[in-house]
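Overview (structure and organization)
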Amino acid sequence: MLLFFLRQAEAKALLTFVLSLIILFLSANDILISTCIWTWLSSNIVYLVLYFIIVIVLMRWFARGGQYLDIHKLNLDGQTFLVTGAASGIGKETAIELAKRGARVIIFARPTSLTDAINNVKKFSRSPNNIIGYPLDLADLRSIKACVEKFMKNENENKKIAALINNAGVMACPYAQTKDGFELQMGTNHFGHFYFTQLLLRRLRSSRIVNVSSTAHFMWAVPCDALHYAQMCDPNTYHPFSAYSLSKTANILFTRELQRRYGVSHNIRAYSLHPGTTNTPLDRHLSLSDFIRKLLKPIRYVIFKTPLEGAQTILYCALSNEARPAEYHADCQPTPVYHKYAKDDKIAREWWDYSEQIINEKIKEI
């Protein structure tokens with residue numbers, strides 16, 4: 001558990017701050033460390049300020065995590081990328097970085113934010129005509145089906161898709177259901193993307209599929225199965241973070257089984273990843289007072305990744321030949337998952353079958 005925690009970029013940043021305070025304490029009390037450090041720092045307020053500036057710089061350096069530097073060498077002219085949840089946060093930054101390098105970026109976002117999302121990315125594109133979008137609500141199977149039907153009708157079927165980036169998601173919401181009766185977090189984060197990807201499969205030959213998961217899958221280390229999902233469907237046993245954790249385990253299992261089923265027949269390469277703890281509005285549902293949020297705001301800027309930094313591992317999985325199909329990634333490198341249930345291929349197969357079954361049952365009701 002401790003080693004897992006220390007692998008996280010934000011943990012390294014926090015540890016840097018704690019160590020800086022320990023050094024000051026030990027030096028001030030002449031414990032193990034000479035008092036000369038404290039004597040020098042306390043002799044002038046400028047030295048003390050400089051000390052903490054250096055500490056903050058180090059914290060930011062650790063917090064930013066791995067960077068996909070090879071993207072600066074790439075020319076993506078003629079390549080097409082599909083990005084869900086590109087209206088804000090890391091999805092928006094992912095779309096912008098691809099657009100800057102000449103890619104054709106197709107944005108999928110809620111109808112209320114789609115126009116702004118397209119216009120925001122167009123500002124950075126070499127060719128504004130390369131940026132288009134389709135309305136998509138992942139919490140509504142009808143919306144997903146209508147979106148893909150419109151996409152299939154409008155887009156040239158001979159145009160290869162370089163990557164589908166399943167980024168959209170919700171986190172730690174109060175108990176709620178999708179329009180089709182799924183628990184909201186599993187419905188949006190997994191079932192929605194599962195159905196969306198399945199409908200697009202015939203256009204995804206020789207494509208990459210990138211599923212944004214989270215290190216939060218460690219918070220509820222249980223099998224992702226019908227039994228545990230049912231617990232999250234009951235308001236009496238629902239817990240926001242357990243539901244979020246289960247949905248992120250589902251993303252990892254979906255990736256593994258997607259690769260197993262279609263890696264050969266469709267030449268698909270599927271990847272899952274943790275983008276890092278990022279300073280975005282994803283945590284808006286956390287029950288924190290305005291005072292606590294204001295208090296934490298400067299801390300977030302220091303130990304959390306910026307949206308651009310959070311997009312690095314997404315870009316790495318979408319573009320790098322060093323990313324490993326079927327595997328989980330963090331900070332631009334393959335990384336072990338936290339618990340055994342997130343890498344159990346039998347659970348992955350059974351969860352795929354259950355996902356298909358429950359979605360097909362809902363579709364019949366539409």
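Residues numbered from 1 in each chain as written. Predicted model: local features only at pLDDT ≥ 70, side-chain atom pairs only at ≥ 80, totals over all residues. Heavy atoms only, no water.

An unreviewed UniProt entry lists the protein under the name Retinol dehydrogenase 12, from Rotaria socialis.

**Quick notes on the domain arrangement of the protein**
When the parts come together, some accessible area is lost, and that loss is often what is quoted as the size of the interface. Along its sequence, the protein is carved into domain 1 (1–64) and domain 2 (69–365). Here the C-alpha centroids of domain 1 and domain 2 sit 36 Å apart. Of the residues lining the interface, 12 residues belong to domain 1; the matching set on domain 2 comes to 15 residues. Taken together, both faces of the contact between domain 1 and domain 2 bury some 1,200 Å²; the carbon and sulfur share is 57%. Where Glu-309 meets Arg-60, a salt bridge forms, and the shortest distance between an N and an O atom there is 2.7 Å. Taken together, domain 1 and domain 2 are joined by 3 residue pairs in polar contact (both at pLDDT 80 or more). Those elements that provide at least two residues to the side of domain 1 that touches domain 2 are α2 (9–28) and α4 (45–63). The element best represented in the side of domain 1 that touches domain 2 is α4, accounting for 4 residues. (Domains from an automatic or database assignment. Contact = heavy atoms within 4.5 Å. Buried area = accessible area lost by both parts, 1.4 Å probe. Salt bridge = Lys/Arg side-chain N within 4 Å of Asp/Glu carboxyl O. Polar contact = N/O pair within 3.5 Å; in protein donor to acceptor, adjacent residues only side chain to side chain. Helix = DSSP H or I, 4+ residues; strand = E, 2+ residues; numbered from the N terminus.)

**Considerations on unusual backbone geometry**
You will see that Asn-267, though not glycine, has its phi angle at about 55 degrees, which is positive. Looking at the secondary structure, you find Asn-267 in the loop between α10 (240–262) and β6 (269–274). We classify Asn-267 as partly exposed; its relative accessible area is 41%. Residue Ala-326 is not a glycine yet carries a positive backbone phi of 75 degrees. Take Ala-326: its relative accessible area is 15%, and that puts it in the buried class. (Buried < 20%, exposed > 50% of the residue type's maximum accessible area, 1.4 Å probe, protein only.)

**Things to note about the sheet that holds strand β2 (residues 104–109)**
Spatially, 8 strands are ordered β3-β2-β1-β4-β5-β6-β7-β8 in an open sheet, and the strand pairing comes out mixed. Strand pairing shows two members of the sheet lacking a second neighbour, β3 (131–135) and β8 (333–334), which therefore form its edges. Of the pairings in the sheet, the one linking strand β4 (residues 161–166) to strand β5 (residues 208–212) comprises 4 bridges and is parallel in character. Within β5, the residue paired with Ile-165 across the bridge is Val-210. (Pairing = 2+ DSSP bridges.)

**Considering the packing of helix α8 (residues 184–200) against α10**
At their nearest, the axes of α8 and α10 sit 7 Å apart, and the two run at 20 degrees to each other. Between α8 and α10, the crossing angle belongs to the class labelled roughly parallel. Judged by the twist between their axes, the crossing of α8 over α10 is right-handed. Along the contact surface, α8 presents Gln-185, Met-186, Asn-189, His-190, His-193, Phe-194 and Thr-197, while α10 presents Pro-240, Ala-243, Tyr-244, Leu-246, Ser-247, Lys-248, Ala-250, Asn-251, Phe-254 and Leu-258. (Axes fitted to C-alpha atoms, helices over the stretch in contact; angles between N-to-C directions. Parallel < 35°, antiparallel > 145°, perpendicular 65-115°, else oblique. Left-handed = near helix turned anticlockwise from the far one by under 90°.)

**Digging into the packing of aromatic side chains**
Using the criterion set out here, one finds 19 aromatic pairs in the structure. Taking 5.5 Å as the distance between ring centres and 80 degrees as the angle between the ring planes, the aromatic pair formed by Phe-218 and Tyr-338 counts as edge-to-face. Of the two residues, Phe-218 is situated in the loop between β5 and α9 (226–233) and Tyr-338 in the loop between β8 and α14 (345–365); the sequence distance between them amounts to 120 residues. Among the residues examined, Phe-218 registers a relative accessible area of 26% and is labelled partly exposed. Taken together, Phe-182, Phe-191, Tyr-229, Trp-351 and Tyr-354 form an aromatic cluster joined through their ring pairs. Just above the ring of Phe-182 sits the side chain of Lys-362; from NZ or CZ to the centre is 5.7 Å. (Phe/Tyr/Trp six-rings, centres within 6.5 Å; stacked < 30°, edge-to-face > 60°. Lys NZ or Arg CZ within 6 Å of the ring centre and 35° of its normal.)

**Examining the packing of helix α7 (residues 141–154) against α8**
Between α7 and α8, the shortest axis-to-axis distance is 10 Å and the interhelical angle comes to 25 degrees. In terms of their interaxial angle, α7 and α8 are classed as roughly parallel. In this structure, α7 meets α8 at a crossing whose hand is right-handed. Contacts between α7 and α8 involve Leu-141, Ile-144, Lys-145, Cys-147, Val-148, Phe-151 and Met-152 on the former and, on the latter, Gly-192, Tyr-195, Phe-196, Leu-199 and Leu-200. Taken together, the residues of the contact of α7 with α8 break down into 10 nonpolar, 1 polar and 1 charged. (Nonpolar A, V, L, I, M, F, W, Y, C, P; charged D, E, K, R; others polar.)

**Some details on the nonpolar core**
If you look at the biggest cluster of nonpolar residues, it comprises 47 residues, and the most contacted ones within it are Phe-108, Phe-151, Phe-191, Phe-196, Leu-200 and Tyr-229. Counting only elements with at least two residues in this core, the list comes to β2, α7, β4, α8, α9, α10 and α14. Leave out the neighbours within four places in its chain, and Phe-191 touches Phe-182, Met-186, Tyr-229, Trp-351, Tyr-354, Ser-355, Ile-358 and Ile-359. Listed in part, the 35 residues of the second largest apolar core include Ala-95, Ile-118, Ala-163 and Leu-315. (Core = buried A, V, L, I, M, F, W, Y, C linked by side-chain atoms within 4.5 Å.)

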